[in-house]
Amino acid sequence: MGKLTVGALRAVLVVVLAGTVFVQALMVWALLTDPEDGSLPLTPLRVITILGMVSVQVALVCVWRLVTMVRRGTVFSHAAFRYVDGVIGAIVAASLVWFAVTAVNAPGQRDDPGVTVIMGGVGVAILGVALIVLVLRMLLAQAVARDVEAAHMQAELDEVI
């Protein structure tokens, strides 16, 4: 992975992290100062937004650590699984947060339940992303196993020579 690629990805991660912290601060400020007028369930939506931003932040930190491991050439190790599992967990948490938003929004959509169905579909799609990352985790496991096997074979070859 080139320095430019790593730098660009890290810049994006920093911007997104700063954006999530900003949104969280706004939601906390709104919770403390802006009363509900009764038209929407604002307090639950604000709390859900704060929790959603936490799941994004966890994923960002895990991706940062994985990029660092790639840059150092240590990504094909058992230590990488912790961060990949963190990304999977964050994506699953994000889907659960989205389902919570859907549930809070559903009573207001009685006249047009299609919106709720579409929102539920988006939640299922988010879970699909978690499954894709799980498949990538399995590929990483195979690569780590092959790397360990290659190191073992190299050690045996070094003994023979």
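Residues numbered from 1 in each chain as written. Predicted model: local features only at pLDDT ≥ 70, side-chain atom pairs only at ≥ 80, totals over all residues. Heavy atoms only, no water.

A. Looking closely at the overall build of the chain. Looking only at helices and strands, the chain has four helices and zero strands in total. Ordering the α and β elements of the chain from the N terminus gives α-α-α-α. Taken against the 2.2 N^0.38 rule, which gives 15 Å for 161 residues, the C-alpha radius of gyration of the chain at 21 Å runs more than 25% over that of a compact globule. Its C-alpha atoms give the chain principal-axis dimensions of roughly 80 × 30 × 25 Å. (Helix = DSSP H or I, 4+ residues; strand = E, 2+ residues; numbered from the N terminus. Rg over C-alpha atoms; globule rule 2.2 N^0.38 Å.)

B. Inspection of the nonpolar core at higher detail. Ranked by internal contacts, the top residues of the largest apolar core, which has 15 residues, are Leu66, Met69, Ala80, Val84, Val133 and Leu140. Looking at this core, the elements that each hand over two or more residues are helix 2 (42-72), helix 3 (79-105) and helix 4 (114-160). Considering every element that reaches this core, the biggest residue donor is helix 3, with seven residues. Not counting residues up to four positions away in its chain, the partners in contact with valine 133 are Val84, Val87, Ile88 and Ile91. (Core = buried A, V, L, I, M, F, W, Y, C linked by side-chain atoms within 4.5 Å. Buried < 20%, exposed > 50% of the residue type's maximum accessible area, 1.4 Å probe, protein only. Contact = heavy atoms within 4.5 Å.)

C. Quick peek at a nonpolar patch on the surface. A contiguous nonpolar patch, built from Val28, Leu31, Leu32, Val47 and Leu51 and spanning about 430 Å² of accessible area, is present on the exposed surface. The set of elements that each furnish at least two residues to the nonpolar patch consists of helix 1 (3-33) and helix 2. The biggest single contributor to the nonpolar patch is helix 1, with three residues. Within the secondary structure, leucine 31 is located in helix 1. (Patch = residues over 30% accessible without salt bridge, like charges linked within 9 Å, V, L, I, M, F, W, Y side chains within 5 Å. Areas by Shrake-Rupley, 256 points an atom, 1.4 Å probe, with all protein chains shown as cover. Salt bridge = Lys/Arg side-chain N within 4 Å of Asp/Glu carboxyl O.)

D. Just the packing of helix 3 against helix 4, in detail. The interhelical angle for the contact between helix 3 and helix 4, taken along N-to-C directions, is 175°, at an axis separation of 9 Å. With respect to their mutual orientation, helix 3 and helix 4 come out roughly antiparallel. (Axes fitted to C-alpha atoms, helices over the stretch in contact; angles between N-to-C directions. Parallel < 35°, antiparallel > 145°, perpendicular 65-115°, else oblique.)

E. Expanded view of the pattern of salt bridges. All told, the structure shown has one salt bridge when counted by the stated rule. Close ionic contact of arginine 137 with aspartate 85 constitutes a salt bridge, the shortest N to O distance being 2.5 Å. Here the residue arginine 137 occupies a position in helix 4, and aspartate 85 occupies one in helix 3, the gap between them amounting to 52 residues.

F. Main features of the packing of helix 2 against helix 3. The geometry of helix 2 relative to helix 3 is characterised by a closest axis approach of 9 Å and an angle of 160° between their N-to-C directions. Considering the angle they form, helix 2 stands roughly antiparallel to helix 3. Crossing of helix 2 over helix 3 shows left-handed handedness. (Left-handed = near helix turned anticlockwise from the far one by under 90°.)

G. Helix 1, seen in detail. End to end, helix 1 covers 45 Å across 31 residues, agreeing with the expected 45 Å (1.5 Å per residue, within 8%). Of all the residues in helix 1, the buried ones are Val6, Leu13, Thr20, Gln24, Met27 and Ala30. (Expected span 1.5 Å × (residues − 1).)

H. Geometry of the packing of aromatic side chains. On inspection of all chains with the given rule, the structure shows zero aromatic pairs. Cation over ring: arginine 10 sits above tryptophan 64, and NZ or CZ is 4.8 Å from the ring centre. (Phe/Tyr/Trp six-rings, centres within 6.5 Å; stacked < 30°, edge-to-face > 60°. Lys NZ or Arg CZ within 6 Å of the ring centre and 35° of its normal.)

I. Just helix 4, in detail. A rise of 1.5 Å per residue sets the reference length of helix 4, with its 47 residues, at 69 Å; its end C-alpha atoms lie 69 Å apart and thus fit the reference within 8%. Among all positions in helix 4, only Met119, Gly120, Gly123, Ala130, Val133, Leu140 and Val144 are buried. For helix 4, the elements touching its buried residues are helix 3.

J. Quick look at the environment of arginine 46. With respect to the helices, strands and loops of the structure, arginine 46 is situated in helix 2. We classify arginine 46 as buried; its relative accessible area is 8%. Expressed as a C-alpha distance, the spacing of arginine 46 and valine 101, which sit 55 residues apart in the sequence, is 9.9 Å. Ignoring sequence-local partners within four residues, the contact set of arginine 46 consists of Met27, Ala30, Leu31 and Asp34.

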